[in-house]
Amino acid sequence: MRIAFAGTLEFAAVALRTIIHAGFDVPLVLTQPDRPAGRGMTLHASPVKQFALDNGITVDQPEKLRAPEQRQRLQECAPDVLVVAAYGLILPQTVLDIPRLGCLNIHASLLPRWRGAAPIHRAIEAGDSETGITIMQMDAGLDTGAMLSVYAMPILPHDTTASLHDRLAVLGGEMIVDTLHALSKGALHATPQPAEGATYASKIAKSESLLDFTQSASVLARRLRAFDPFPGGAATLNGIAIKLWAGDAIGISGTPGEVLEVSDAGVVVACGKGALRLTELQKPGGKRLPAREFLRGFPIEAGCRLG
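Keep in mind the model is a prediction, meaning the values are calculated, not measured.

### Concerning the packing of helix H1 (residues 10–21) against helix H6 (residues 161–184)
Then, in step 1: Two numbers describe how H1 lies on H6: the axes approach to 8 Å, and their chain directions differ by 40°. One finds that H1 runs oblique with respect to H6. In the packing of H1 onto H6, the handedness of the crossing is right-handed. Residue-level inspection shows Glu10, Phe11, Val14, Ala15, Thr18 and Ile19 of H1 in contact with H6, the latter providing His165, Leu168, Ala169, Val170, Gly173, Glu174, Ile176, Val177 and Leu180.
Then, in step 2: Among the residues forming the contact of H1 with H6, the class breakdown is ten nonpolar, three polar and two charged.

Structural data, given as structure tokens:
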């Protein structure tokens, strides 16, 4: 089969790498245009583009896919199937109709739960005990297509979005290869998504990083895990913004936002229910540090308040 691939982020690069290593023919890769990043705001190629160029694969970077000229190279490629993973663009029906065998999406959740842009983050934030990968036959809806393959994976107690992402990316690559082999043999069976249990995983906003200490400590601990590596947690101390990266819920109480204890083990902050022991923090212009090292350069005293 001739396979076109559409993806942008590292999650997609892992899948593309696995497809190539499995021996499939990928003559064309679609990825988003280079974006400015870093302090110098220089243009950076996506992980998918970097891998494709390193392996001699033609790359196309349309801003959108609605105009005929934007999808011309995909049309000329005449793929049998288009594999999509963490691409970041909505595919119109005119694109879905191009591949002879349709478009397959690698989605990092157990559909229909957590359709949308941030399924890994939202699963951790919600306290889900498991997530997984769904290989889906794409349609014009938002992650609503029929399911071709589903595999569940537990969310471990200390999983962050970063650690869970890496395991799911490997699983997604393995599953799409198996799906493509089955597709080439005509051995795939599609199952419509159930009508019940659909939830939407909205995109993560930087504004969500600010922690509200009137919430329970267990909720805030999950948010810190969900927002690692982006956007992290945030709070203010004496008017100074600090980043909060990791913490554990413990069973002591106090006025929400009050620092109850300070030690090498962490900074304990009272919450609406329980308290949050912050174990990894970052001062402005600094690096993420364990509490012990952070406190050497940024002393915090019991009795002060985080806002």
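### Structural notes on the environment of Thr199
Then, in step 1: Position of Thr199 relative to the elements: it lies in the loop between H6 and strand S11 (200–201).
Then, in step 2: Spatially, the C-alpha atom of Thr199 lies 6.2 Å from that of Arg115, the residues being 84 residues apart in sequence.
Then, in step 3: Leave out the neighbours within four places in its chain, and Thr199 touches Pro112, Arg113, Trp114 and Arg115.

### Quick look at the sheet that holds strand S1 (residues 2–7)
Then, in step 1: Read across the sheet, seven strands follow the order S5-S2-S1-S6-S7-S9-S10 without closing on themselves; strand pairing throughout is mixed. Edge positions in the open sheet fall to strand S5 (58–60) and strand S10 (147–154), since each of these has one partner strand only. Each adjacent strand pair in this sheet contributes to an overall mean axis angle of 20°, direction not counted.
Then, in step 2: By the bridge criterion, four bridges tie strand S7 (residues 103–107) to strand S9 (residues 130–137) in an arrangement that is antiparallel. The residue of S9 that forms the bridge with Ile106 is Ile135.
Then, in step 3: Contacts between H1 and the sheet are confined to S1, strand S2 (25–30), strand S6 (81–85), S7 and S9, with S1 contributing the most and set at about 165° to the helix.
Then, in step 4: Contacting S1, S2 and S5, helix H2 (residues 47–54) runs over the sheet at an angle of about 155° to S5.

### So, the pairing of S7
Then, in step 1: Most of S7 is tucked away: five of the five residues are buried.
Then, in step 2: Every second residue of S7 is oriented toward a common face, with Cys103, Asn105 and His107 on one face and Leu104 and Ile106 on the other, all of them buried.
Then, in step 3: Across three bridges, S6 lies against S7 in parallel orientation. From the neighbouring strand, Leu82 faces S7, where its bridge partner is Cys103.

### Considering the pattern of salt bridges
Then, in step 1: The final tally for this structure, using the stated rule, is twelve salt bridges.
Then, in step 2: In this structure, Arg73 engages Asp60 in a salt bridge whose closest nitrogen and oxygen atoms are separated by 3.9 Å. Remark: Asp60 occurs in strand S5 and Arg73 occurs in helix H3 (residues 72–77); sequence separation between them is 13 residues.
Then, in step 3: For Arg73, a relative accessible area of 39% gives the class partly exposed.
Then, in step 4: Taking the shortest distance from any N to any O, the salt bridge between Asp80 and Arg100 comes out at 3.0 Å. Here the residue Asp80 occupies a position in the loop between H3 and S6, and Arg100 occupies one in the loop between helix H4 (93–96) and S7, the gap between them amounting to 20 residues.
Then, in step 5: Under the relative-accessibility criterion, Asp80 is labelled buried at 15%.
Then, in step 6: Bridged by salt links that share partners, the residues Arg122, Glu125, Glu208 and Arg223 form one connected network.

### Focus on H1
Then, in step 1: The first and last C-alpha atoms of H1 sit 16 Å apart over twelve residues, in line with the 16 Å expected at 1.5 Å per residue.
Then, in step 2: Listing the buried residues of H1 in full gives Phe11, Ala12, Ala13, Val14, Ala15, Leu16 and Ile19.
Then, in step 3: Immediately beyond the C-terminal end of H1, within one or two residues, lies Gly23, with a positive phi of roughly 95°.

So, how was this worked out
- Residues numbered from 1 in each chain as written.
- Predicted model: local features only at pLDDT ≥ 70, side-chain atom pairs only at ≥ 80, totals over all residues.
- Heavy atoms only, no water.
- Axes fitted to C-alpha atoms, helices over the stretch in contact; angles between N-to-C directions.
- Helix = DSSP H or I, 4+ residues; strand = E, 2+ residues; numbered from the N terminus.
- Parallel < 35°, antiparallel > 145°, perpendicular 65-115°, else oblique.
- Left-handed = near helix turned anticlockwise from the far one by under 90°.
- Contact = heavy atoms within 4.5 Å.
- Nonpolar A, V, L, I, M, F, W, Y, C, P; charged D, E, K, R; others polar.
- Pairing = 2+ DSSP bridges.
- Buried < 20%, exposed > 50% of the residue type's maximum accessible area, 1.4 Å probe, protein only.
- Salt bridge = Lys/Arg side-chain N within 4 Å of Asp/Glu carboxyl O.
- Expected span 1.5 Å × (residues − 1).

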